[in-house]
Amino acid sequence: MNMSDRIQSLRKSKGISQEALADHIGVSRQAVSKWESEQSSPDLENIIAISEYFQVTTDYLLKGIEAIAEEKSDSAVGSRVLYAASTALVYLGLLIGIGGWLAEQTLEPVFGGMCAQVVGLAAYFIGKALSTERASFWVRWLNLVGLACMPSALVSLLLFQAMPRPFLALWIWVLAAAIWIAAGAAGFVLLSKQHPRR
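Each residue is numbered by its place in its chain's sequence as written, counting from 1. Thresholds applied to this predicted model are a pLDDT of at least 70 for local features of residues and 80 or more for the giving and counting of side-chain atom pairs; totals over whole chains, interfaces and linings are not thresholded and use all residues. Each side-chain value is derived from all of the structure's non-hydrogen atoms; neither hydrogens nor water enter the calculation.

Colleague: Can you lay out the overall build of the chain for me, pointing to particular residues and giving the numbers?
Modeller: For the chain, the count of helices and strands is nine helices and zero strands. Its helices and strands taken in sequence order, the chain reads α-α-α-α-α-α-α-α-α from the N to the C terminus. Residue exposure (1.4 Å probe, protein chains only): buried if accessible area is under 20% of the type maximum, exposed if over 50%, otherwise partly exposed. For the chain, with 198 residues in total, the buried portion stands at 34%. It only takes one pair of heavy atoms within 4.5 Å for two residues to be counted as in contact. At a minimum sequence separation of 6, the contacts of the chain that also span at least 24 residues come to 68%. Each accessible area is a Shrake-Rupley result for a 1.4 Å probe, and residues are judged covered by the shown protein chains and nothing else. Of the roughly 11,900 Å² that the chain leaves accessible, carbon and sulfur atoms contribute 65%. We count a stretch as a helix when DSSP gives it H or I for four or more residues in a row; a strand needs E for two or more, and each element gets its number in order from the N terminus.

Colleague: Quick rundown of the packing of helix H2 (residues 18–25) against helix H4 (residues 44–54)? Include the residues and the values.
Modeller: Comment: axis = line fitted to C-alpha atoms, over the contacting stretch for helices; angle = value between 0 and 180 degrees taken between N-to-C directions. H4 packs onto H2 with a crossing angle of 110° between their chain directions and a minimal axis gap of 10 Å. Our classification of the angle between H2 and H4 gives roughly perpendicular. When you trace H2 past H4, the crossing you get is right-handed. Between H2, through Leu21, His24 and Ile25, and H4, the contact on the second element is made entirely by Asn46, Ala49, Ile50, Tyr53 and Phe54. Side-chain classes are defined by residue name, with Ala, Val, Leu, Ile, Met, Phe, Trp, Tyr, Cys and Pro counting as nonpolar, Asp, Glu, Lys and Arg as charged, and the others, Gly among them, as polar. Residue classes in the contact of H2 with H4 are distributed as six nonpolar, two polar and no charged. If an angle is under 35 degrees, it is roughly parallel; if it is over 145, roughly antiparallel; if it lies from 65 to 115, roughly perpendicular; otherwise it is oblique. By convention the crossing between two helices is left-handed if the near helix lies anticlockwise of the far one by an angle smaller than a right angle, and right-handed if it lies clockwise.

Colleague: Pulling in residues and values, what's your account of the environment of Trp101?
Modeller: Within the secondary structure, Trp101 is located in helix H6 (residues 70–104). C-alpha separation for the pair Trp101 and Phe111, spaced ten residues apart in sequence, amounts to 10.0 Å.

Colleague: Outline helix H7 (residues 108–130), supporting the account with residue identities and numerical values.
Modeller: Relative to the 33 Å expected for 23 residues at 1.5 Å per residue, H7 spans 33 Å between its end C-alpha atoms, a close match to the ideal helical length. Of the residues making up H7, those classed as buried are Pro109, Val110, Gly113, Ala116, Gln117, Gly120, Ala123, Tyr124 and Gly127. To estimate the expected span of a helix, count its residues, drop one, and scale the result by 1.5 Å.

Here you go:
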């Protein structure tokens with residue numbers, strides 16, 4: 001594959017016409033047509049503009065040498081770290097919230113735990129934006145289960161404080177656990193359908 005084929009292939013993969021590429025680069029449609037039919041070659045300024053537009057290296061355009069996937073690899077590693085950190089923060093928030101409530105019997109630690117979970121959720125979405133690599137099935141499922149637990153625990157804690165009799169409070173905890181398990185099972189099924197486990 002020569003430079004003309006690479007330009008044409010990049011243009012078609014992006015789904016744009018010769019005219020649209022010409023408008024973006026600042027040349028005529030005939031110039032793009034000549035580049036793709038090997039009647040002429042773009043000058044250095046246009047090669048740089050084409051490489052920036054298609055987000056490829058000039059080496060790729062000129063010689064067909066693909067860049068080592070170092071940058072992609074770095075962003076993929078960064079996103080994996082953020083995915084793992086997101087799960088850790090979600091469960092740290094859960095421990096802070098429930099453990100703090102059990103120790104102090106107040107809702108302040110619960111809200112602190114929820115803040116940690118929000119930071120974990122932000123880490124997940126930053127990881128997602130950083131790279132095209134998706135989080136593994138298990139990261140997604142564990143995050144879903146961890147995030148589903150806090151609202152059910154919060155509702156249980158609020159009801160627990162309002163209940164005068166411990167027997168009824170026990171049933172509230174059982175109900176919250178049942179809702180949490182059902183949410184985890186439903187999440188497992190839904191995620192399994194759209195994302196293979198690995």
